[in-house]
Amino acid sequence: NEVGPFTAVEQSIVTSQIDDPADRTPVFAWYGLIGSLASAIGSAVCGATVTSLTSKGTSTLDAYRVIAAIYGGVAVLLLINFASLSKDVEVKPKVVAQVENGDSNAPPPKIKKRGILDGLKLAPESRGIVTKLSLLFTLDSFAGGLVQASFLSLYFHQKFGVDESYLGAMLFGTNIFAAFSSLAASWVVKKVGLINTMVYTHLPSNVLLLLVPFMPNLTWATIMLLARFTISQMDTAPRSAFVAGVVPAEERTAVIGITTIVRTIGLALGPLLTGYLADNGKFDAVFIISGAMKIVYDILLLLSARQTDMAKK
């Protein structure tokens, strides 16, 4: 679920360690699986901890402060983990050859220094592809930002009156289903390709999202949400593999970074609309708008890929 700058660095590192492009989707599937499992465990621990502390007399505010402290502790562990990485994960600097006609007296080759903005200098072909992907990913992320986990929790709490323990268990379930569905994506990619996998698994999941507010009770609403997450994340690994492979290796980190930035912007804007609608008694409309926008994204992605050479790449 990380949408910050770490995503671009991590995915670039992962891709650089894979020799065969065909192995990218399975590796990213496992990458996503581990992340989703960790998120699932975190959701369950959070819900159980808050419920346990408040039942023993701790104020709700202090209970959530404990969660924030745990979050900070995990960040320290991440710092230590990243500091232990080998320099082999670095992009090798370009060497400017200065040897001409076998002249043994020629000066040694120089290593080209990287400028601050060198990473954003893309080839014309790459710029076109990245522009289209960025617009599509922004739309998808904005729609996803409408129904982030925090708002899902608030919706189920307000509409059905469930406590933090139930919410933690529900989010645990959604992440578990999302985690293992990502592994199935590798098999689907081999059958229909990256773009088709991204669309054909993502589109029906958005129909299920549309149906959540129409469910008659808590049980059916939870079932619909869990059903949605059994397929909603199957596009994640193919998308990561596609973005990593659609541009040259030296542009990979920049392109992943750019697409991550636009996804972050879209994700950040989504809650503004959700908060407005929820405050005006139209929380149900959030699911309908999000699902509809994501369906539009799926259709546009499929049409864009078919009209260009993106799918071939």
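Residues numbered from 1 in each chain as written. Predicted model: local features only at pLDDT ≥ 70, side-chain atom pairs only at ≥ 80, totals over all residues. Heavy atoms only, no water.

K.L.:
Looking at this structure, I do not really get the overall build of the protein chain. What am I missing?
P.N.:
Each helix and strand counted, the protein chain has 11 helices and two strands in total. The N-to-C order of helical and strand elements in the protein chain reads α-α-α-β-β-α-α-α-α-α-α-α-α. Per-residue burial over the protein chain gives 39% buried out of 313 residues. Contacts in the protein chain between residues far apart in sequence, at least 24 positions, make up 77% of those at least 6 positions apart. Of the accessible surface of the protein chain, which amounts to about 17,100 Å², a share of 66% is contributed by carbon and sulfur atoms. (Helix = DSSP H or I, 4+ residues; strand = E, 2+ residues; numbered from the N terminus. Buried < 20%, exposed > 50% of the residue type's maximum accessible area, 1.4 Å probe, protein only. Contact = heavy atoms within 4.5 Å. Areas by Shrake-Rupley, 256 points an atom, 1.4 Å probe, with all protein chains shown as cover.)

K.L.:
How should I be thinking about the environment of threonine 54 in this particular structure?
P.N.:
Counting through the fold element by element, threonine 54 comes out in helix 2 (residues 24-55). The partly exposed category is assigned to threonine 54, whose relative accessible area is 28%. Sequence-distant contacts of threonine 54, defined by excluding residues within four places in its chain, comprise Ser59, Thr60 and Ala63.

K.L.:
What is the right way to look at a nonpolar patch on the surface in this model?
P.N.:
Together, Phe6, Val66, Ile70, Val74, Leu78, Phe82 and Leu85 make up a nonpolar patch on the protein surface, roughly 570 Å² of accessible area in all. The dominant element in the nonpolar patch, judged by the number of residues it contributes, is helix 3 (residues 60-83), at five residues. Checked against the element boundaries, leucine 78 lands in helix 3. (Patch = residues over 30% accessible without salt bridge, like charges linked within 9 Å, V, L, I, M, F, W, Y side chains within 5 Å. Salt bridge = Lys/Arg side-chain N within 4 Å of Asp/Glu carboxyl O.)

K.L.:
Explain the packing of helix 9 (residues 236-245) against helix 10 (residues 252-279) to me, please; I cannot follow it from the model alone.
P.N.:
Packed helices, taken two at a time, are described by their axes: the angle between them and the distance between them. Look at helix 9 against helix 10: their axes get within 8 Å of each other, and the N-to-C directions meet at 135 degrees. By the angle between their axes, helix 9 is oblique relative to helix 10. Only Arg252, Val255, Ile256, Thr259 and Arg263 of helix 10 make contact with helix 9, whose side of the interface consists of Arg239, Val243 and Ala244. Its residues assigned to classes, the contact of helix 9 with helix 10 comprises four nonpolar, one polar and three charged. (Axes fitted to C-alpha atoms, helices over the stretch in contact; angles between N-to-C directions. Parallel < 35°, antiparallel > 145°, perpendicular 65-115°, else oblique. Nonpolar A, V, L, I, M, F, W, Y, C, P; charged D, E, K, R; others polar.)

K.L.:
Hey, could you run me through the UniProt feature "transmembrane region" (unreviewed entry) in the protein chain in this one?
P.N.:
Here the UniProt-annotated "transmembrane region" (unreviewed entry) positions come out as residues 28-51, 63-83, 133-154, 166-188, 208-231, 252-273 and 285-303. Across residues 63-83, helical content stands at 100% and strand content at 0%; the span's end C-alpha atoms are separated by 31 Å. Helix makes up 86% of residues 133-154 and strand 0%, whereas the separation of the span's terminal C-alpha atoms amounts to 31 Å. (UniProt positions renumbered as here; feature names shortened; annotations may be inferred.)

K.L.:
Could you clarify how one ought to interpret the packing of aromatic side chains in this entry?
P.N.:
Overall, the coordinates contain five aromatic pairs when judged by the stated rule. Both rings, one in tyrosine 155 and one in phenylalanine 283, keep their centres 5.1 Å apart while their planes meet at 80 degrees; by these two values the pair is edge-to-face. In this pair, tyrosine 155 sits in helix 5 (residues 149-160) while phenylalanine 283 sits in helix 11 (residues 283-307), placing the two residues 128 residues apart along the sequence. For the pair tyrosine 155 and phenylalanine 283, a shared accessibility class is recorded, and that class is buried. Among the aromatic residues, those joined into a cluster by ring pairs are Tyr155, Phe156, Phe160, Phe283 and Phe287. In this structure, arginine 228 is placed above the aromatic ring of phenylalanine 229, and the distance from its NZ or CZ to the ring centre is 5.1 Å. (Phe/Tyr/Trp six-rings, centres within 6.5 Å; stacked < 30°, edge-to-face > 60°. Lys NZ or Arg CZ within 6 Å of the ring centre and 35° of its normal.)

K.L.:
What is the right way to look at the nonpolar core in this model?
P.N.:
Across soluble globular proteins, you tend to see nonpolar side chains buried next to one another. Counting residues in hydrophobic clusters, the biggest one holds 29 residues, and the most contacted among them are Phe28, Phe137, Ile195, Val255, Tyr297 and Leu301. For this core, the secondary structure elements donating two or more residues are helix 1 (5-16), helix 2, helix 4 (124-145), helix 7 (194-211), helix 9, helix 10 and helix 11. Discounting residues that sit within four places of it in the chain, phenylalanine 137 has contacts with Arg239, Val243, Thr259, Val262, Arg263 and Tyr297. Phe151, Ala178, Leu209 and Leu225 belong to the second largest nonpolar core, which has 26 residues in total. (Core = buried A, V, L, I, M, F, W, Y, C linked by side-chain atoms within 4.5 Å.)

K.L.:
Sorry if this is basic, but what is going on with the environment of valine 255 here?
P.N.:
Note on placement: valine 255 falls in helix 10. Relative accessible area serves as the criterion here: at 0%, valine 255 is assigned to the buried category. Residues within four places of valine 255 in sequence aside, it is in contact with Leu122, Val130, Val243 and Val247.

K.L.:
Looking at this structure, how should I read the pattern of salt bridges?
P.N.:
A side chain of one charge can pair with a side chain of the opposite charge when the charged atoms of the two come close. Inspection of every chain in the model, using the stated rule, returns five salt bridges. Close ionic contact of arginine 65 with aspartate 62 constitutes a salt bridge, the shortest N to O distance being 3.0 Å. Remark: aspartate 62 and arginine 65 occur in helix 3; sequence separation between them is three residues, near one turn of the helix. When its relative accessible area of 34% is taken as the criterion, aspartate 62 is described as partly exposed.

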